[in-house]
Amino acid sequence: MATTEVERRRGQLSALSVAAVVIIVGLPLWWRTTETYRAWLPVSQIKDLDKLQLQLSSDVEVVLARGTVTPEQQKKVPLTQTQDEEHIVNEDTTLRYRYEMRYRTATVMEEDALNQLSAAEADLSLHMLSESPCGSLVVYVIPESSSLLPQDVHVYVGQRRTALLRIGAQMRVGRTLEHLLTHLEPRLKQVLEVMSFSHADIIAALSDRVRLSPGNLESIVDSMRAFKSSPGYEITFSLLNPDPKSHRLHWDIEGAVQSYIQPFLSKLAPVANFSIDSQTLYYAVLGVSPRFNNSRNAYALNADSLAHVINPVEARLGSNAASSNPVLNFLLYVPDAHHSPLYIYDHKKREVPSNAFHAPRWGGIMVYNVNSFYGPESLFPVDININMAKVMGVFLTQLRLLLGVQSSSTPPGFKLAPCGNTGLADWELDRLMWSRSVENIATATTTITSLAQLLDQIGNIVINDNIAQQVSSAVTSVQLAVAELEAGNLAFALQYSKEAILASERAFFDPSLLHLLYFPDDQKFAIYIPLFLPMCVPILLSLLKMLSEARQRRREKQAKKD
């Protein structure tokens, strides 16, 4: 009996030992080795980013020239004012605009610059004295008697970050300084709306995050016309020659790009990278047959048919598969001899002066007529040298629209200086940088929060260290971009916003996120239960038997006591 009791006790200990090893060591080890690896993410910071609170700050220096203030008023001039505007877009987005207005009197050298013969010469002379930082403005207030501006012009906006503001008759010398500054504020506000960030531009940049109101129709049109913000763009110039037998076309596209397009793109270098290529397509025809206009003795393309022109041509353009950047297509179409001359008409049946049109977020097409080269004694094919200055002027205008460089609607009495050789004024670049910074921040925050929600809902997606690093980098870059916007450092804000959008997109589109997307927990248990069940059944039965024997002994002892 003793031997049997010892063996029974030994069997119970063996069963308990195996069960203990399985429960204490085996199950945790199996759970640990089969769980999905998920690196740490800054969830709390991501939730904070979902509430987009932006403050755009700009430094504005108002310089009062001689004749605008009296000697007594000059002693009180050096002062600073702050103008704040707050716009609650929706429950998740709040915008604040802050202008730091600093007033001072003009220096002797600035007075000499303001004594030039024209406003353009004065603008250049003032720029040579000092260059305003990116995102800031300098407004020079000149007396009513100044000959720099015509009588019907009150504000001259230069090519740089300076403006000339003529003082009105109601602000003549002799009034108090407070009276002068009070009457200057409405005109200064108009200058800021033209040269600095405007609420319409910022709302258009947030079009993917907020719902635009129907009343803000101009912002809707502008946001749908321009390409979305991207780290780089591909620009392709194509010459379409539908009838090589009639004319042999020559275009100096390389020289034209260097002369007209490259200066513009070089100035846009802080915003994005650009690559340019060109091609010539033969026997490429439009998708619509032009109609003959008897009154003009020419062929016509109406605005209603322009939408059908692009698709057949686009199939011939090819695609840049090596890059994921958006492609801007600019087509120069030379009609054949049987459909020449060819003119484009708008919705009001008026001839388009540029004889060109652009497609939102795609590119532009210009029709170049060469009918004057044809004659009764012409020998075909006719050699034609294309006037690239005329062509590039049209393409540069379309390029500005497609990249989001909006032409500001100026109030009455405003005059804008020509953009010059670069095709872009400094303050126009600043406006684009403001809107691109806000757009990048909004896009990056939306991408990061969407990724965080996806990873929270699907717990089987692997989050490796690289993705966690990209998410953390994106969150940090967004925070830095928001801080730089608030401090008024536009260049740094744009750079951080570009880093944020790149890091967020790399994390969101990382291929490793799809490895275990379709491997839920029920499938994991379905795979391992057939392996563990045969081993666990004997252990479980042994434990149940020991429990039954323990209860039986307890009842027997209780019966002996009774």
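What comes next concerns the included structure. Quick caveat, the model's predicted, so the values are computed rather than measured.

## Quick word on the side chain of serine 435
Then comes step 1: Checked against the element boundaries, serine 435 lands in helix H12 (residues 426–457).
Then comes step 2: Those residues within four positions of serine 435 in sequence are excluded, and the remaining contacts are Asp201, Ile202 and Ala205.

## Remarks on the sheet that holds strand S10 (residues 291–293)
Then comes step 1: In spatial order, the strands read S10-S11-S13; together these three strands make up an open sheet with mixed pairing. The open sheet has two edge strands, S10 and strand S13 (342–344), and neither has a second partner. Averaged over all pairs of adjacent strands, the angle between their axes in this sheet comes to 45°, without regard to strand direction.
Then comes step 2: By the bridge criterion, three bridges tie strand S11 (residues 298–301) to S13 in an arrangement that is parallel. Opposite tyrosine 299, over in S13, you have leucine 342 as the bridge partner.

## Some thoughts on the pairing of strand S8 (residues 247–250)
Then comes step 1: Here S8 shows one buried face, formed by His247 and Leu249, and one open face, formed by Arg248 and His250.
Then comes step 2: Here S8 runs beside strand S16 (residues 382–385); their pairing, made up of four bridges, is parallel. Bridge pairing links histidine 250 to asparagine 385 in S16.

## Let's talk about the sheet that holds strand S6 (residues 162–166)
Then comes step 1: Strand order in the open sheet formed by seven strands is S2-S3-S1-S4-S6-S5-S17, with mixed pairing between adjacent strands. The two strands at the open ends of the sheet, each matched to only one other strand, are strand S2 (79–90) and strand S17 (414–416). Each strand of the sheet is rotated relative to its neighbour by a mean of 20°, with strand direction disregarded.
Then comes step 2: Examined bridge by bridge, strand S4 (residues 137–142) and S6 share five bridges and lie parallel to one another. Bridge pairing in S6 places valine 139 opposite alanine 163.
Then comes step 3: Strands in contact with helix H6 (residues 177–195) are strand S1 (52–64), S2, strand S3 (93–105), S4, strand S5 (155–157), S6 and S17; relative to S6, the strand with the most contacts, it is inclined by about 135°.

## Some points on the pairing of S4
Then comes step 1: With six of its six residues buried, S4 lies for the most part within the structure.
Then comes step 2: Burial along S4 is two-sided: the face carrying Leu137, Val139 and Val141 and the face carrying Val138, Tyr140 and Ile142 are both buried.
Then comes step 3: The sheet contact formed by S1 and S4 spans five bridges and is parallel. Each residue of the ladder has a partner; that of leucine 64, found in S4, is valine 141.

## Observations regarding the packing of aromatic side chains
Then comes step 1: Inspection of the entire model under this criterion finds 10 aromatic pairs.
Then comes step 2: On the numbers, 6.3 Å between centres and 75° between planes, the contact of phenylalanine 227 with tyrosine 233 is edge-to-face.
Then comes step 3: For tyrosine 233, a relative accessible area of 2% translates into the label buried.
Then comes step 4: Ring geometry for phenylalanine 292 against tyrosine 299: centres 5.1 Å apart, planes inclined by 70°, an arrangement best described as edge-to-face.
Then comes step 5: Within the aromatic cluster, the residues linked to one another by ring pairs are Tyr97, Tyr99, Phe197 and Trp434.

## Some words on the pattern of salt bridges
Then comes step 1: Inspection of the entire model under this criterion finds 14 salt bridges.
Then comes step 2: Between aspartate 201 and arginine 431 there is a salt bridge whose closest N-O contact spans 2.2 Å. Here aspartate 201 is found in helix H7 (residues 199–205), whereas its partner arginine 431 is found in helix H12, with 230 residues between them in sequence.
Then comes step 3: A salt bridge links glutamate 428 to arginine 400, with the nearest nitrogen and oxygen atoms 2.9 Å apart. Of the two residues, glutamate 428 is situated in helix H12 and arginine 400 in helix H11 (residues 388–402); the sequence distance between them amounts to 28 residues. Each member of the pair, glutamate 428 as well as arginine 400, is classed as buried.

## Section: H11
Then comes step 1: Counted at 1.5 Å a residue, the expected span for H11 with its 15 residues is 21 Å, and the 20 Å between its end C-alpha atoms agrees.
Then comes step 2: Counting buried residues in H11 gives 11 out of 15 residues, a clear majority hidden from the surface.
Then comes step 3: The set of residues buried in H11 consists of Met388, Val391, Met392, Val394, Phe395, Leu396, Gln398, Leu399, Arg400, Leu401 and Leu402.
Then comes step 4: The distance from a side-chain oxygen at the start of H11 to the backbone nitrogen of alanine 389 is 3.3 Å, and the residue carrying that oxygen is asparagine 387.
Then comes step 5: Just past H11, the residue glycine 404 takes up positive phi, approximately 90°.

What counts and how
- Residues numbered from 1 in each chain as written.
- Predicted model: local features only at pLDDT ≥ 70, side-chain atom pairs only at ≥ 80, totals over all residues.
- Heavy atoms only, no water.
- Helix = DSSP H or I, 4+ residues; strand = E, 2+ residues; numbered from the N terminus.
- Contact = heavy atoms within 4.5 Å.
- Pairing = 2+ DSSP bridges.
- Axes fitted to C-alpha atoms, helices over the stretch in contact; angles between N-to-C directions.
- Buried < 20%, exposed > 50% of the residue type's maximum accessible area, 1.4 Å probe, protein only.
- Phe/Tyr/Trp six-rings, centres within 6.5 Å; stacked < 30°, edge-to-face > 60°.
- Salt bridge = Lys/Arg side-chain N within 4 Å of Asp/Glu carboxyl O.
- Expected span 1.5 Å × (residues − 1).
- Polar contact = N/O pair within 3.5 Å; in protein donor to acceptor, adjacent residues only side chain to side chain.

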